[in-house]
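Commentary on secondary and tertiary structure
Each chain is listed here by its residues.
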Amino acid sequence: MGLPMIIVKPTLPAYNKSEIEKILRTLERRFQISHFSIMSSAVAAIYASGRETGVLIECGTRTPMVVPVYKGRKIAIHYLGVSHDKLTKYMNKLFTEAQLGFPPIERAQMEECAYISIDFERERRSKSFNRPTNFQQSCGIRCGEALFRPALAGIDSPGVHEVTFEAIMACNHAIRQELLENIVVCAANGKVLRGFTRRLDREMNDMVNHSSQRNAHGALHCHAFQIASYDRKAVFWPILDRR
């Protein structure tokens, strides 16, 4: 008796129909697979969080994106201008400008060092922010802030919260509330920066409360979840970012 299999393919089109059919024939012949289900990685991530509907923010990849999903079907793909690779370059630039003689860091080191403050302006005004002894910490805060303010890193792009808000507002008004309440964050091949979901919650709720959507549909509320633990290799585990 053959076995069923779920095949997860990249959200971005990476294989044409003939290539997928060739893969399926090989699996069926060599491994006796009887049933197949093919879904995009965005839909799989939403399912992994225990949902059928939500907005996936996939960061950490070279092509980060925001993907609204409704009842197991992706609606659209919206691209983010800031990837973790670009954040790594930005942090190396900060180290170089300070002339501290630090060797170039890799992306994994950036993900350990950088974090996102709930209130960047207040952090920057603090007495300890610009102390030489706290330089690495202040670089980590600046680097993380570039996800929400890409101009800090010289990137001409809207922040992750703005792209997410526009992606939701581009969907049918009947499902916007459900999408706002089910924002799922994951980092393919990397880690979600510490503090990301907490800051995203704040920024998204501020945008909702200051938009015309609040008057049209009542008091909307946003809530973001993070899936995939910081130390996971390939398995999704649902957790909340409590930093």
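It should be noted that the structure appears before, not after, this text.
My aim in this report is to walk through the structure given alongside it, one point at a time. From a predicted model like this one, the values you see are computed outputs, not experimental measurements.

This part takes up the overall build of the chain. Counting secondary structure elements, the chain contains ten helices and nine strands. Counting the 243 residues in the chain, one finds 47% classified as buried. Of the contacts formed within the chain by residues at least 6 apart in sequence, a portion of 63% connects residues at least 24 apart.

On to the environment of A187, then. Looking at where A187 falls in the secondary structure, it is placed in strand 7 (residues 183-187). Accessibility expressed as a relative area gives 3% for A187, which makes it buried. C-alpha of A187 to C-alpha of P64: the two residues are 123 residues apart in sequence and 8.8 Å apart in space.

Right, let's talk about a positive patch on the surface for a bit. Together, K22, R25, R29 and R30 give the surface a local cluster of positive charge. Within the secondary structure, R29 sits in helix 1 (residues 17-31). Given a relative accessible area of 59%, R29 falls into the exposed group.

What follows concerns helix 2 (residues 41-48). Judged by how many residues are buried, helix 2 sits mostly within the fold: six of eight residues are covered. Residues S41, A42, V43, A44, A45 and I46 constitute the buried set of helix 2. G50 sits one or two positions beyond helix 2 and adopts a positive phi of about 85°.

Further remarks concern the packing of aromatic side chains. Within a pair of aromatic rings, the relevant descriptors are the distance that separates the centres and the angle that separates the planes. Scanning the model with the defined rule gives one aromatic pair in all. Taking the centre distance of 5.7 Å and the plane angle of 40° together, the rings of F148 and F196 count as tilted. Highlighted residues: F148 in the loop between helix 6 (135-145) and helix 7 (160-169) and F196 in helix 9 (residues 196-209), separated in sequence by 48 residues. The burial state of F148 is the same as that of F196; both residues are buried.

Attention shifts here to helix 6. Taken across its eleven residues, helix 6 has eight buried, putting it largely inside the fold. Every buried residue of helix 6 is listed here: F135, S138, C139, G140, I141, C143, G144 and E145. Elements in contact with the buried residues of helix 6: helix 3 (84-98), helix 4 (107-113), helix 5 (120-125) and helix 9.

Right, let's talk about the pairing of strand 4 (residues 65-70) for a bit. Looking down a regular strand, the side chains alternate between one sheet face and the other. The buried fraction of strand 4 amounts to five of the six residues, a majority that puts the element mostly inside the structure. Two strands pair when backbone bridges link them, and strand 3 (residues 54-59) and strand 4 are joined in this way by five bridges, in the antiparallel orientation. Bridge pairing in strand 4 links E58 to M65. Relative to strand 6 (residues 78-79), strand 4 runs antiparallel, the two sharing two bridges. The residue of strand 6 that forms the bridge with M65 is Y79. As defined by bridge partners, strand 4 adjoins strand 5 (residues 73-74) across two bridges and the pair is classed as antiparallel. The residue of strand 5 that forms the bridge with Y70 is R73. What sits between strand 4 and strand 5 in their antiparallel hairpin is a turn of two residues, with K71 showing a positive phi close to 50°.

Reading the values: rules and limits
- Position numbers for residues start from 1 in each chain and track the written sequence from start to end.
- Per-residue local features are limited, in this predicted model, to residues with pLDDT of at least 70; the limit for side-chain atom pairs, both in listing and counting, is 80 or more; totals at the level of whole chains, interfaces and linings are taken over all residues.
- Only hydrogens and water are removed before side-chain values are computed, so all heavy atoms of the structure are retained for them.
- Labels follow the DSSP assignment, with helices taken as runs of H or I lasting at least four residues and strands as runs of E lasting at least two, numbered in each case from the N terminus.
- Burial status follows relative accessibility: with a 1.4 Å probe on protein chains alone, a residue under 20% of its type maximum counts as buried, one over 50% as exposed, and anything between as partly exposed.
- The contact criterion used throughout is that any non-hydrogen atoms of two residues lie within 4.5 Å.
- Here a patch means residues that are over 30% exposed by relative accessible area and free of salt bridges, tied together within 9 Å if like-charged and within 5 Å if nonpolar (Val, Leu, Ile, Met, Phe, Trp, Tyr).
- Where accessible areas are quoted, they stem from the Shrake-Rupley method and a 1.4 Å probe; at the residue level, only the protein chains shown are allowed to cover.
- In the sections that follow, a salt bridge refers to a side-chain nitrogen of Lys or Arg positioned within 4 Å of a carboxyl oxygen of Asp or Glu.
- Charge assignment in this entry is limited to Lys and Arg as positive and Asp and Glu as negative, and neither His nor the chain termini are counted.
- In plain terms, the charge of a residue is placed at NZ if it is Lys, CZ if Arg, CG if Asp and CD if Glu.
- For Phe, Tyr and Trp, rings pair up if their centres lie within 6.5 Å, where Trp contributes its six-membered ring, and each pair is then called stacked (planes under 30 degrees apart), edge-to-face (over 60) or tilted (otherwise).
- Paired strands are those between which DSSP finds at least two bridges.

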